[in-house]
Amino acid sequence: MEVRHAVAADADAIADAHVEAWRVAYAHVVPAELLEDPAFRSSRVAGWRRRLVDGVRPDGWDRDDEIFAGLVDGRVVGFGHVGRAHGGGGDPRDQQRIGEVYGFYVHPDAWGSGVADASADAVWSVLADFGNIASWNGGVKASHSTSDESGGVGASRHCDLAPVGQLEETIVEWAPAERMVVRIDSAKRLPIREALVHFDLRPVDGATDRTEVTITYRYDTKLGVLGAATGPVLDRQLSSGFEGFLDDLGDAAKLAAV
């Protein structure tokens, strides 16, 4: 990912990332009617245009704040907004020497994406060895198939996670070297009731030895309102876990290509 200072032309893309990240990350906390209201998007677009195009900061904003844009393949997919710490008591001088991250959001399309230095076929061969994920994924302590099928729609597996937790998973979509969709049927010692995880593969700029892997997911939590409140924390944990997954997948795919 390329990171640079945001410019006026980034305003609409930053607003889009802001809106879509909220719609996914806070779906279990913020009412759907608010997130899907056209006014929610239009207010974000107007706000970012005022800040980046017109240079207008709302009352209370740090006049020396900075906004950074994150780009993947030239497309703005996220932003970071930083400045002096807001007030809240204590030594006023702290506001001059302590910074604060006001916002940090990435468009869901770019969540859990990475590039493997291997062909799509090599990456697929690793993913398709469904029951043996523990042989290459450091986030899984042990795994085994729980179905007669080792791959394809209907294949299932059990995973013992590191450090804790267990998953029962089933493949529900299978397009070799292109896409796999895995359903999490049950999870122990985790706040997830069920989920769908999509793995999408595509060659980078037509190259045969570099593959972009994108992971997107949707989940339902346990424990009703209490579980829903854990959504933002769980999203951060999942994103961090998928980063490690992608690193391990890339390493395993390079070995498979040898």
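Attention here is on the structure that accompanies the text.

Below, the discussion takes up the pattern of salt bridges. Per the counting criterion, the structure on display carries 15 salt bridges. Between Asp65 and Arg51 there is a salt bridge, with its nearest N and O atoms 3.1 Å apart. Within this pair, whereas Asp65 is found in the loop between α3 (38–52) and β2 (66–72), its partner Arg51 is found in helix α3, the two being separated by 14 residues in sequence. Here Arg51 falls in the buried class, since its relative accessible area comes to 10%. Ionic pairing is found between Arg202 and Glu212, a salt bridge with its closest N-O pair at 2.7 Å. Taken together, the residues Arg202 in strand β10 (residues 192–203) and Glu212 in strand β11 (residues 211–221) connect sequence positions 10 residues apart. Residue Glu212 is classed as buried on the basis of its relative accessible area, which comes to 12%. Counted as one network, the salt bridges with shared partners bring together Asp16, Glu20, Arg23 and Arg41.

Using the criterion set out here, one finds 1 cavity of 30 Å³ or more in the structure. Roughly 60 Å³ of internal volume is contained in the largest cavity. If you go around the largest cavity, the residues you meet are Val126, Leu127, Asp129, Phe130, Ile133, Trp136, Arg157, Met180, Val182, Phe199 and Phe245. Only α5 (120–128) and β9 (179–188) provide two or more residues apiece to the lining of the largest cavity. Of the residues that constitute the lining of the largest cavity, the class distribution is 9 nonpolar, no polar and 2 charged.

Conventions adopted
Residues numbered from 1 in each chain as written. Predicted model: local features only at pLDDT ≥ 70, side-chain atom pairs only at ≥ 80, totals over all residues. Heavy atoms only, no water. Salt bridge = Lys/Arg side-chain N within 4 Å of Asp/Glu carboxyl O. Helix = DSSP H or I, 4+ residues; strand = E, 2+ residues; numbered from the N terminus. Buried < 20%, exposed > 50% of the residue type's maximum accessible area, 1.4 Å probe, protein only. 1 Å grid on protein atoms, 1.4 Å probe; cavity = no way out; pocket = protein on both sides within 12 Å on 5 of 7 lines; lining within 4 Å. Points joined across faces, edges and corners; volume = space filled by probe spheres on them. Nonpolar A, V, L, I, M, F, W, Y, C, P; charged D, E, K, R; others polar.

Honestly, it's all geometry; don't read function into it.
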